[in-house]
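Architecture and fold: a report
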Amino acid sequence: RKTNMAGVPVTGSVLFPNCDAVVLDVYRDDALFSSTTQRLGRATTDPTAFQFEPQIRAELACYDLEIVLIREGQRIVAKRIEDVVAGDVFIVQGQSNANSEGDEEDGFSNFNKSPFVRGFGIGCENNGDCYSKDEFYVWASADGDKSPYAPLPGRIGQWPLRFGRTLSDATGIPVAIINGSFPVHP
């Protein structure tokens, strides 16, 4: 909180043979922000291991991280992670009124969507079958018009989306909302 910065841990092992180094390039709003190189073969327990922790600012900017392998002087992009932000996380608790799904009768809220308001939920790799073994939890752009229980990432409900957008716009800091409300039905 004192520096308004956050560390982003990036770790792994290189499985591609004969690599000399790993580079982590960090882009801020598509412009190169920093580049750090780590030579391979120096770790005693795993000579293919790498570890970085770049610092990013809590601000209305998106960071992309690119892991690049160096092999015989050639750069090979191994992985790109896009739209990373640092900011504040809020938890919403309550009953069905905190769930607040959008519909034709009650209206919709997705005009409040922003790349700087995020939600947390289930992501799917199996053609939308989120109840398969391929499900995983991810941060995603927040959506206010579906139930937080919908099997898609980022579903947080209407008023939490409005709250997140208002707070992010007012502070200049990205906001993540985790909706822990429980719907009560008669």
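Attention in this report is confined to the structure presented alongside it. Along every chain, residues carry numbers that run from 1 in the direction the sequence is written. Predicted model: local features are reported for residues with pLDDT of at least 70 only, side-chain atom pairs are reported and counted for 80 or more only, and whole-chain, interface and lining totals are derived from all residues. Only hydrogens and water are removed before side-chain values are computed, so all heavy atoms of the structure are retained for them.

Our focus in this paragraph is the pattern of salt bridges. In the sections that follow, a salt bridge refers to a side-chain nitrogen of Lys or Arg positioned within 4 Å of a carboxyl oxygen of Asp or Glu. A full pass over the atoms with the stated rule returns eight salt bridges. Note that R165 is salt-bridged to D169, the shortest N-O span being 3.0 Å. Of the two residues, R165 and D169 both sit in helix α2 (residues 158-171), four residues apart, roughly one turn of that helix. Through salt bridges that share partners, D64, E66, R80 and E82 make up one connected network. Strands here are runs of E lasting at least two residues and helices are runs of H or I lasting at least four, both read from the DSSP assignment and numbered beginning at the N terminus.

Moving on, we get to unusual backbone geometry. Even without being glycine, N4 reaches a positive phi, approximately 60 degrees. In this fold, N4 is placed in the segment before β1 (5-7). Of note in the backbone geometry, D29 takes a positive phi value of approximately 45 degrees without being a glycine. Within the element layout of this structure, D29 appears in the loop between β3 (21-28) and β4 (31-39). Relative accessibility thresholds used throughout: buried, under 20% of the residue-type maximum; exposed, over 50%; partly exposed, between the two (1.4 Å probe, protein chains only). Since its relative accessible area comes to 42%, D29 is described here as partly exposed.

Now for the environment of P115. Looking at where P115 falls in the secondary structure, it is placed in the loop between α1 (96-99) and β10 (117-123). Here the alpha-carbon distance between P115 and S141, two residues 26 residues apart in the chain, equals 5.9 Å.

The quantities given are spatial measurements derived from coordinates; they are silent on function.
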